[in-house]
Amino acid sequence: MDILVNSVDVRDLLSSPDLLDSPSSPLSAPDLRLLISRLESHTLKIKSKVQSYLLSHQNDFSSLFSQCSDVVSRSEELSGQVSELLSLISRNPIEADLSRIIGETVEKKKQVREKKELLELLGVVLELNYKLRVVKEDIRIGRVVEAAEGLKELKTAMRIRNDELADEVVEGEPVVYGLLRNEWAQCFEEIQELLLKFIEKAVQFEQETNVVRMKYQLTVNDIKGVELYTVLQAMDVVGILDYGLAKVADLFTKYVTTPVIKCRSTPAFMEKIDQESGHLLEAVLEMIPADTESNGTDGETMYATIVQIVKFIYDSLCFKNGPWMRCFGRLTWPRMSELIISEFLSKVIPDDASKLAEFQKIRKVTSEFETNLKELMLIASSDIKDERLSKFADNVEVHFASRKKVEILAKARNLLLQSNFILSQEYLRTMRLNKEGIAEDFPNCIDLLFSSEKFMVSEAAIKLMELVHQTLKDVCLLPPTVGLEFYHAARNALVLYEAVIPVKLERQLDSINQAAVLIHNDCLYLSEEILGLAFEFRQYFPSFVKELAVFIDLAPRFQLMAEEVLQRQIQLVIYNLKEAIDGADGFQNTHQMKQFESAKFSIEQVAFIIEKVRIIWEPLLLSYIYEKSMSVVLEAVFSRIAKDILLLDDMAAEETLQLQTLIHLLFEHLSSLLESLSTVGGRGKPQEVQRETLANFIPSLRKLRKLAELLDMPLKSITTAWESGELVECNFTLSEVEDFIRAIFTDSPLRKECLQRINNSNYWETSWT
């Protein structure tokens, strides 16, 4: 059969070799006839081989066809049987009966299961109810331990997680469970109330006699002979030991521990034993008033007494039971430790750094005290949080530093609040007259670190710096931790001045007075002292403090504050002077008597204000600051008066003489002031140089003086003065001179000529180039 499988290649049937090389070339008619002939021949060969193959395998094909026939026959038979079965079922509907029977069977099984579950539930309910009745009976007859164990067991069985929610209804739960929970809650309340009554009977505090009685055979509600140990055991089992002992712990703290810590009483112990049975009936703790209220210097007596009391509780109340004692400790130790710290440890913190070493004995005794309490199980040996006293004692340096820091700041605040910035007028007058010998005559005059001149500061600033210096001296001798706190205290004390004084003297800063000047001086003094602190103390600081100590950042703050206070005073003075000058109404019509008197009064007001300021400033301010500040004030006055006069557009001859008189009057009133300023500015120099120096500080001084001369000067002289540059040197402008000439002199050829000459003069231009 290979011939059937192998494919026929048409090219093999062709005879031309060219056709074999080029399959795409067209075939000729003879080639096509030859190809058809050869394909027919090849087909006959295939048929012959197929026939031969079938004949040789005839038996195999017969067997195959026979099997196929059998399969078809059986399939037809099976199909007939299925048809008969379906026909039978359709005539008799048995599936309905089967479905009904199955449903009934399932329902019966469900009912049986539910009844079984109900029986089991009923059994559980009956068992729980029986146990509850047993618990109630145990409570009634005083078998409190058994009752407590029963309640504990029932709590687990009823899955009660919170005693307060025992009567809460759970969704989907049988109602009977809720009723049982209510019963359990009632039993819990009954046993809790009973146990609390037993505790009240067991531990009695007699306040009148200061006696604590511990009874061991108890009777409550006709229940007799219940032992205290049994009551505590029942409370522990039912989980209310901390609740039951809370009141006892509170009374022990109030009537036993507190008096001992405050040294008002000492304890005495006594036991009462039954002679027949030998059982302990009663333990008594009596608090005897102390003769002296003192714990001693190290608290050893107090600690020993407290240990005796704790041992009494450990033996008599807690029966040497560790968990019970720890429960009592959790209720009493927080308050007890706070009392010891507040009433003893905090009071024995040294006031002096040199006594810190002496505190080590107290620290040792305190540590031993806590060790004894751990042995008696009042505090946990593994919980470091309970070591409150040792922790406080270990940090005594921090507590010492904190307390001293508060004391330093309180002292600084008090001296600032109590400070007086008022100096008598006689005091100021004497200072002004004796300023050269100021250091010997006045105690509050100091030398600046970076200036040879002395000046007056407030007593508050001097005492504040003394406090800061003493604090920083202590820093050099103290441990690093303490020293750092003292360093911060010194810085904060300085900052207090910046915070307290401006608020305290707010009204004084809004007016012209000596308090504001003293604040200015204080700030200068403090800024220079602060700059010197690092040079004075830094090298002696502990290395840890030395790395953190910084003072230089405070100095600019005080310098800025000093400048702000001074500028505020200067602006207040200038404002008052301008108001006084406003009263002259621009110096108009001074040839009229009423206007002249008004202008004269304004000039006298200006002179009075300046003299008042001089009396305040001169004795208190540093010379160069006084000169500079007064120059600013005078410049404002002279420039304003010169401006007002030069703005007049028409002046009569008599009016110019009156204006000249007013200017001379002003200079007459200020002559002593100007002389003193020229002396300060040009000390040790010729008089002409002194005047020149003063003119440089007050540019309008020369201008106003020249203006007084111009008011009585001929027109040609004024023109010559402009052409020579004299008026320019006195700060006159071209427009001011032209307007001044037009205001004084009437229109004439001479005025036109002079104005032309002034206008054509190039001096003004060349002076600016």
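Here is a short report on the structure shown in this document. Residue numbers restart at each chain and count upward from 1, following the sequence in its written direction. Where local features are concerned, this predicted model is filtered to residues with pLDDT of at least 70; where side-chain atom pairs are given and counted, the filter is 80 or more; whole-chain, interface and lining totals use all residues. Excluded from the side-chain calculation are hydrogens and water; included are all heavy atoms of the structure.

Details of the nonpolar core
Then, in step 1: Residue types Ala, Val, Leu, Ile, Met, Phe, Trp, Tyr and Cys, when buried and joined through side-chain atoms within 4.5 Å, form a set referred to as a nonpolar core. Relative accessibility decides the category of a residue: with a 1.4 Å probe and only protein chains considered, values under 20% of the type maximum give buried, values over 50% give exposed, and everything between is partly exposed. By size, the foremost hydrophobic cluster in this structure holds 218 residues, and its most contacted members are Phe252, Tyr497, Trp617 and Phe638.
Then, in step 2: Contact partners of tryptophan 617, with chain neighbours within four places excluded, come to Val517, Gln569, Ile570, Val573, Tyr626, Ser629, Met630 and Val633. It only takes one pair of heavy atoms within 4.5 Å for two residues to be counted as in contact.

Things to note about the packing of aromatic side chains
Then, in step 1: Here is the rule: rings of Phe, Tyr and Trp (six-membered ring for Trp) pair when centre to centre is within 6.5 Å. Planes less than 30 degrees apart are stacked, more than 60 are edge-to-face, and the remainder are tilted. Going through the model one piece at a time under the given rule, you end up with 13 aromatic pairs.
Then, in step 2: Ring centres of tryptophan 184 and phenylalanine 188 lie 5.4 Å apart, and the angle between their planes is 15°; this geometry places the pair in the stacked category. Of this pair, tryptophan 184 and phenylalanine 188 are both found in helix α7 (residues 175–202), four residues apart, which corresponds to roughly one turn of the helix. The residues tryptophan 184 and phenylalanine 188 share a single accessibility class, namely buried.
Then, in step 3: Seen from their ring centres, phenylalanine 205 and tyrosine 255 are 6.3 Å apart, and the 40° between their planes marks the pair as tilted. Here phenylalanine 205, found in strand β1 (residues 203–206), pairs with tyrosine 255, found in helix α9 (residues 241–261); they are 50 residues apart in sequence, far enough to count as distant. Each helix is a run of DSSP H or I of at least 4 residues and each strand a run of E of at least 2, with the numbering of both proceeding from the N terminus.

A few points about the pairing of strand β4 (residues 223–227)
Then, in step 1: Bridging between strand β3 (residues 217–220) and β4 involves three bridges; their strand directions are antiparallel. Within β4, the position partnered with leucine 218 by the bridge is valine 226.
Then, in step 2: One requirement defines pairing of two strands: DSSP has to find at least two bridges between them. Counted between consecutive antiparallel strands, the loop separating β3 from β4 contains two residues, among which asparagine 221 sits at a positive phi close to 55°.

So, helix α14 (residues 396–417)
Then, in step 1: A helix is expected to span 1.5 Å multiplied by its residue count minus one. A rise of 1.5 Å per residue sets the reference length of α14, with its 22 residues, at 32 Å; its end C-alpha atoms lie 31 Å apart and thus fit the reference within 8%.
Then, in step 2: Restricting attention to buried positions, one finds in α14 the residues Val396, Phe400, Ala401, Lys404, Ile408, Ala412, Leu415 and Leu416. One face of α14 carries all of its buried residues, which in axial projection span an arc of 165°.
Then, in step 3: For α14, the secondary structure elements touched by its buried residues are α12 (359–375), α13 (388–394), α17 (459–477) and α18 (480–504). The arc refers to the directions leading from the helix axis to the C-beta atoms.

Some words on a nonpolar patch on the surface
Then, in step 1: In this analysis, a patch consists of residues with relative accessible area above 30% that form no salt bridge, clustered at 9 Å for like charges and at 5 Å for the nonpolar side chains Val, Leu, Ile, Met, Phe, Trp and Tyr. Accessible surface area values rest on a Shrake-Rupley calculation with a 1.4 Å probe, where residue burial reflects the displayed protein chains alone. Between Lys or Arg on one side and Asp or Glu on the other, a salt bridge is scored when a side-chain nitrogen of the former is within 4 Å of a carboxyl oxygen of the latter. A cluster of nonpolar side chains, namely Leu78, Val82 and Leu86, defines an oily patch on the protein surface of about 290 Å² accessible area.
Then, in step 2: Looking at the secondary structure, you find leucine 78 in helix α4 (residues 58–91).

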